[in-house]
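Listed here are the chains, written in short residue letters.
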Amino acid sequence: MTAVPPSALPTTSHWGAYRAVTTEHGVRTYPHPGDPSPSPLLGNVSGALRHPTRVRRPCVRRGWLEDGPGPSGARGREPFVEVEWDEALDLVAAELDRVRDTHGPAAVFGGSYGWASAGRFHHAQSQLHRFLSQFGGYTASRNSYSLGASLVVLPHLVGRAGADAVLRAASSWPTIAARTELLVAFGGVPAKNVHVTPGGVTRHRTPDALAALAEAGTRVALVSPLRDDLPERIAADWYPVRPATDTALMLGLAHTLLREGLHDRAFLDRYTTGFDTFARYLEGRTDGTAKDADWAAALCGIDAADIRRLARRMAGSRTLITVTWSLQRTQHGEQPVHAGLALAAMLGQIGLPGGGFGHGYGSMGDVGDHGPQLRLPHLPQGANPVREFIPCARIADLLLHPGESYDYDGERRTYPDIRLVHWAGGNPFHHHQDLGRLRRAFARPDTIVVHEPHWTATARHADIVLPTTTTLEREDFGGGRRDTHLIAMHRIVEPVGEARDDHRILAELAGRLGFAQRFTEGRTPREWLTHLYDSWSADLRAHGHEVPDFGTFWKDGEYELPAGREHFTLFEDYRRDPVAHPLDTPSGRIEITSARLASLALADCPAHPTWLEPDAWHRAPEAASHPMLLIAHQPATRLHSQYDVGDVSLAGKTAGRETVRLNPTDATARGVRDGDLVRLHNDRGAVLAGARLDTAVRAGVACLPTGAWFDPAPGDGPPLCVHGNPNTLTADIPSSRLSQGATGQHTLVQAERYEGEPPPVTVREPPPLIGSATVPRHLHRSTTPTPEPRAPRTDRPPQPTHAPPAPEPRETP
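Let me sum up the structure you'll find in this document. In every chain, residue numbers begin from 1 and rise along the written sequence. Side-chain atom pairs in this predicted model are given and counted only at pLDDT of 80 or more, local residue features only at pLDDT of at least 70, and totals for whole chains, interfaces and linings cover all residues. Note: side-chain values were computed over all heavy atoms of the structure, leaving out hydrogens and water.

### Quick look at the overall build of the protein chain
When helices and strands are counted, the protein chain shows 25 helices and 31 strands. Against the 2.2 N^0.38 benchmark of 28 Å for 813 residues, the protein chain shows a C-alpha radius of gyration of 26 Å, consistent with a compact globule. Its C-alpha atoms put the protein chain at 80 × 65 × 50 Å along the principal axes. Think of it in three bands: residues with accessible area under 20% of the maximum for their type are buried, residues over 50% are exposed, and the middle band is partly exposed, with areas taken using a 1.4 Å probe on protein chains only. Within the span of the protein chain, comprising 813 residues, buried residues form 63% of the whole. Residue contacts follow a heavy-atom distance rule, with two residues in contact if any of their heavy atoms lie within 4.5 Å. Partitioning the intrachain contacts of the protein chain with sequence separation of at least 6 by distance along the chain shows that 77% fall at a separation of at least 24. The Shrake-Rupley method, run with a 1.4 Å probe, gives the accessible areas here. Residue values count only the displayed protein chains as cover. For the protein chain, the exposed surface amounts to about 28,200 Å²; the carbon and sulfur share of it is 49%. Helix and strand labels come from DSSP, where a helix needs a run of H or I of at least four residues and a strand needs a run of E of at least two; each type is numbered from the N terminus. This radius of gyration counts C-alpha atoms alone. The globule rule is 2.2 Å times how many residues there are, raised to the power 0.38.

Encoded structure:
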């Protein structure tokens, strides 16, 4: 490891702590000295810092500046005008005031879903939510794109505390390495994801844990269409399952356990409820179809004899069943989670060291880690006076269908009418599905305000763009879940251009709106850091820990947190005494059949694990014209879409586009060779990607990572993303009416070799910018007249002559 120079200053990121020093061309980064496996994503930092895509001055979309607020199909297609900060903030404050006073605070959407910063104070979402709560409230978003189905269904199966334990207190890697004999990994344990955790990881220990697993001789059953969903050094039997059929395989395994008497009846009777109902389903007594190994084999593509052998191995070993988060990012995504839990319960090993159930090993760096579980310092957001919210993956429905009703976790809710979107610290044009539909949705509000360091697709689809600093350009402190350290995040460089931190932007808006003192509490950012640290450290000292004062912490650059337990097992207390430690479910037990889910009578999320055919799989009618199953998984070269212009991300592209992996059999049938440009398409749109042939990909599958900045070619109709963003192709449908979770993992496509000269990639340059302009007087806050009552939103306002056609009317359900 390269020696860290004394001049290097500490900071951290979602992919790990590091040191940085300024250079002539930017910064040079050095991994934290105590990190045994630094993230390769550190290589993205320097190249992105002063990249041409940095937003350097406040900008306003030309049509909005000339014509004022209103729905517009020109978003994402029109030049921006650079303005002075005071003018930009006046415009935003006036528009916030107008929307709140005319339509109420629920007409403001403060979703701000994203991973903007590892910092605890300059956390963009916290800053924006604190501001909007004090402003009068806002419509919020709930849950996540990563875990939308699991966050809702798990409380019905193991209770809210149990769900939190599944996601935040999984059995530790040292315990697994010491005690697990067979790891059955549905979705694998992808090494590419383990360097990332919200808030960061100082010591990346999961790679060493996987190496310890290999050294211990633990056998792994890898259930995935991708062989590299598990590191090669780990001995594994690969079950290349057809995508979207994991639940069928789990049911076939469960049926074998039941038929051969290999299930643990004593455990099921004492610790679970509803098994008999599930058993009747497995045997086909409820629908006439036994879910045996032969039935499962026909669906999932794994030989029936192999299914039976695996079930017997599971019953004869200390077995841990794990399900990656990716499997629940699909239609009916609740089912593999529920089925995996039921399968583990049938083995009777839940709560035993090395056995039981896990969810998310390899999906995030903290799953299985044994760092301390401490609440780190954080900025209080305050209570939101508005009770409206949406599941985060329903943003397009929210904007396209105001006033319409939908189901969510047993409630019937109604979408509010959003007039202003205020977004800080995220890129929905990365996270969301069916980006052509999202573009139509983003045409509906009166105004979209975005805080952003780079000209991402979200910034390009805004009306007002406020340039924000990156973590290297401000002071903060940071740490992640189960992190070993709290890191002092020193400012490494001066802000690029006129970028400001979110706190300053929102404080100045609060001043214009009359609540600056309440928002800042009279503190500067450095004073906030001191205040938050002092309050947090006082609590730690009260519990007997030695904690340095803020000045010492800042000088030292870090504080090593009290150590956590090395060995622990999920649900070990419940296993030891289910009476003293019941789960907070209605029965107090693991609910293999949930009475609450049964009462909801949702056809797309039944009470017990059930095979439900998805829209995107090899037997779907659409497969006749779009025969390949596209897997849109997390990238190995960046975090989501962050720093897509960084060196590591750019090096991972092929022909300047995102790389799609194809099995050689599929490529040969289409005349595609390594490095060729490929067009992937379906009825929602098309993308261009560079081909890489790989036998680690199951035949019939295309693998295209998410996160390439959306770059639609000019023109009407379904979009062609020339850069390779797979969410151009994925369907914007919910996992179920229970969770309304995202389903972006799978979609059906056709693939073909691209012929001719391709459209250029344009997202690595800023959009057309017009030099400084004077804001029209009628838009200034000080002279904004009382707005006239608006016509119904189905009436399309007149468009400026330079704009493309007005946005489409709201979709009908």
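### Focus on empty space enclosed by the protein
Residues are called lining when one of their atoms sits within 4 Å of a cavity or pocket point, these points coming from a 1 Å grid over the protein atoms alone, where a cavity is a set in which a 1.4 Å probe fits but cannot get out and a pocket is an open set with protein on both sides within 12 Å along at least five of seven lines. Grid points are joined across faces, edges and corners, and a volume is the space filled by probe spheres set on the points. Counted by the stated rule, this structure contains six cavities of 30 Å³ or more. Within this model, the largest cavity holds a volume of roughly 500 Å³. In terms of lining, the largest cavity is formed by 34 residues, of which the most central are Trp115, Ala116, Glu452, Pro453 and Gln642. Elements represented by at least two residues in the lining of the largest cavity include exactly β1 (9-13), α15 (428-431) and β18 (447-452). Any residue outside Ala, Val, Leu, Ile, Met, Phe, Trp, Tyr, Cys, Pro, Asp, Glu, Lys and Arg is labelled polar, Gly included; the first ten of those are nonpolar and the last four are charged. When its residues are assigned to classes, the lining of the largest cavity shows 11 nonpolar, 20 polar and three charged. For the second largest cavity, the calculated volume is near 70 Å³. Lining the second largest cavity, in full, are Tyr113, Tyr145, Ser146, Arg329, His430, His431, Gln634, His640, Thr706 and Asn727.

### Thoughts on the pattern of salt bridges
The salt bridge definition used is simple: a Lys or Arg side-chain nitrogen within 4 Å of an Asp or Glu carboxyl oxygen. On inspection of all chains with the given rule, the structure shows 55 salt bridges. The shortest N-O distance in the salt bridge between aspartate 269 and arginine 265 comes to 3.1 Å. Within this pair, aspartate 269 and its partner arginine 265 are both found in helix α9 (residues 265-271), separated by four residues, close to a single helical turn. Residue class for arginine 265 comes out partly exposed when judged on its relative accessible area of 35%. In this structure, the salt-bridge partner of arginine 753 is glutamate 755, at a minimum N-O distance of 2.8 Å. Taken together, the salt bridges that share partners define one network made up of Asp86, Asp90, Arg500, Arg504, Glu508 and Arg512.

### Some points on the packing of helix α11 (residues 293-300) against helix α12 (residues 304-315)
Two quantities define a packed helix pair, namely the angle between the helix axes and the distance between the axes. Every axis corresponds to a line fitted to the C-alpha atoms, with the helix fit spanning only the stretch in contact, and the corresponding angles, defined between N-to-C directions, vary from 0 to 180 degrees. In contact at an axis separation of 8 Å, α11 and α12 are set at 120° when each is read in the N-to-C sense. Looking at the two axes, α11 sits oblique to α12. Note that α11 runs across α12; the crossing there is right-handed. Side by side, α11 and α12 meet where Ala293, Asp294, Ala296, Ala297 and Cys300 of the first sit next to Ala304, Ile307 and Arg308 of the second. Of the residues assigned to the contact of α11 with α12, the class counts are six nonpolar, no polar and two charged. Angles below 35 degrees are treated as roughly parallel, those above 145 as roughly antiparallel, those between 65 and 115 as roughly perpendicular, and all remaining angles as oblique. A crossing counts as left-handed when the near helix is turned anticlockwise from the far one by less than a right angle, and as right-handed when that turn is clockwise.

### What about the packing of aromatic side chains?
Note on ring pairs: Phe, Tyr and Trp rings are taken, using the six-membered ring of Trp, and paired if centres are within 6.5 Å. Classes follow the plane angle, with under 30 degrees stacked, over 60 edge-to-face and the rest tilted. With the rule as written, the count across this model stands at 24 aromatic pairs. Consider the rings of tryptophan 15 and tyrosine 643, whose centres lie 5.8 Å apart with planes at 70°: the pair is edge-to-face. With tryptophan 15 in the loop between β1 and β2 (16-23) and tyrosine 643 in the loop between β24 (628-631) and α24 (647-651), this pair connects stretches of sequence that are 628 residues apart. The class of tryptophan 15 is buried, set by a relative accessible area of 5%.

### Thoughts on the packing of helix α8 (residues 246-259) against helix α10 (residues 275-282)
Contact geometry of α8 with α10 gives a least axis separation of 10 Å together with a crossing angle of 105°. Compared by their axis directions, α8 and α10 come out roughly perpendicular. Along its contact with α8, which presents Leu251, Ala254, His255 and Leu258, the element α10 presents Phe275, Phe278, Ala279, Tyr281 and Leu282. Considering only residue class, the contact of α8 with α10 consists of eight nonpolar, one polar and no charged.

### A closer look at the sheet that holds strand β22 (residues 558-560)
Taking strand neighbours across the sheet as the criterion, the three strands line up as β20-β21-β22 in an open arrangement whose pairing is antiparallel. Edge positions in the sheet fall to β20 (476-478) and β22, since each has one partner strand and no second. Here the strands of the sheet are splayed against their neighbours by 15° on average, with no regard to which way each runs. One ladder, built from three bridges, connects strand β21 (residues 485-489) with β22; its direction is antiparallel. Paired with isoleucine 487 across the bridge in β22 is glutamate 558. Any two strands with at least two DSSP bridges between them are considered paired.

### Topic: the nonpolar core
Formed by 209 residues in total, the largest nonpolar core has its most connected members in Phe131, Val158, Phe186, Phe278 and Leu680. When near neighbours in sequence (up to four residues on either side) are disregarded, phenylalanine 278 contacts Leu251, Ala254, Ala342, Met346, Ile592, Thr593, His608 and Pro609. Within this scheme, the nonpolar core is defined by two criteria: the residues are buried Ala, Val, Leu, Ile, Met, Phe, Trp, Tyr or Cys, and they are joined through side-chain atoms within 4.5 Å. Residues Leu379, Leu486, Trp536 and Phe553 belong to the second largest nonpolar core, which totals 18 residues.

### Re the layout of surface pockets
Put simply, the largest pocket is a space of about 1,600 Å³. Lining the largest pocket we find 43 residues, and of these His123, Gln125, Arg168, Pro198 and Arg481 sit closest to its centre. For the lining of the largest pocket, the secondary-structure elements that each account for two or more residues are α4 (124-135), β7 (140-142) and α5 (148-168). It is α5 that provides the largest number of residues to the lining of the largest pocket, a total of nine residues.

### Here we look at the side chain of threonine 175
With respect to the secondary-structure elements, threonine 175 resides in helix α6 (residues 173-179). What makes threonine 175 buried here is its relative accessible area of 3%. Polar contacts here mean pairs of N or O atoms no more than 3.5 Å apart (in protein, one a potential hydrogen donor and the other a potential acceptor; neighbouring residues in sequence count only if both atoms are side-chain atoms). At 3.0 Å, the side chain of threonine 175 forms a polar contact with the side chain of histidine 567. Of the polar contacts made by the side chain of threonine 175, one reaches the backbone nitrogen of phenylalanine 568; its length is 3.3 Å. In this structure, threonine 175 is in contact with Thr180, Pro353, Gly354, Glu566, His567, Phe568 and Thr569, ignoring residues within four places of it in sequence.

### Quick notes on helix α7 (residues 206-215)
Note: α-helices contain 3.6 residues per turn, so residues at a spacing of three or four share the same orientation. Along α7, the residues that are buried comprise Thr206, Pro207, Ala209, Leu210, Ala211 and Leu213. With its phi angle positive at about 80°, glycine 217 sits one or two positions after the end of α7.

### Notes on the state of the cysteines
Cysteine sulfur atoms are paired as a disulfide whenever they come within 2.5 Å of each other. A complete count under the given rule lists zero disulfides for this structure. Residue cysteine 300 stays outside any disulfide, its sulfur separated by 20 Å from that of cysteine 703, the closest cysteine. In this structure cysteine 300 comes out as buried when scored by relative accessible area, which is 0%. Not part of a disulfide, cysteine 721 finds its nearest cysteine sulfur in cysteine 703, a span of 17 Å.

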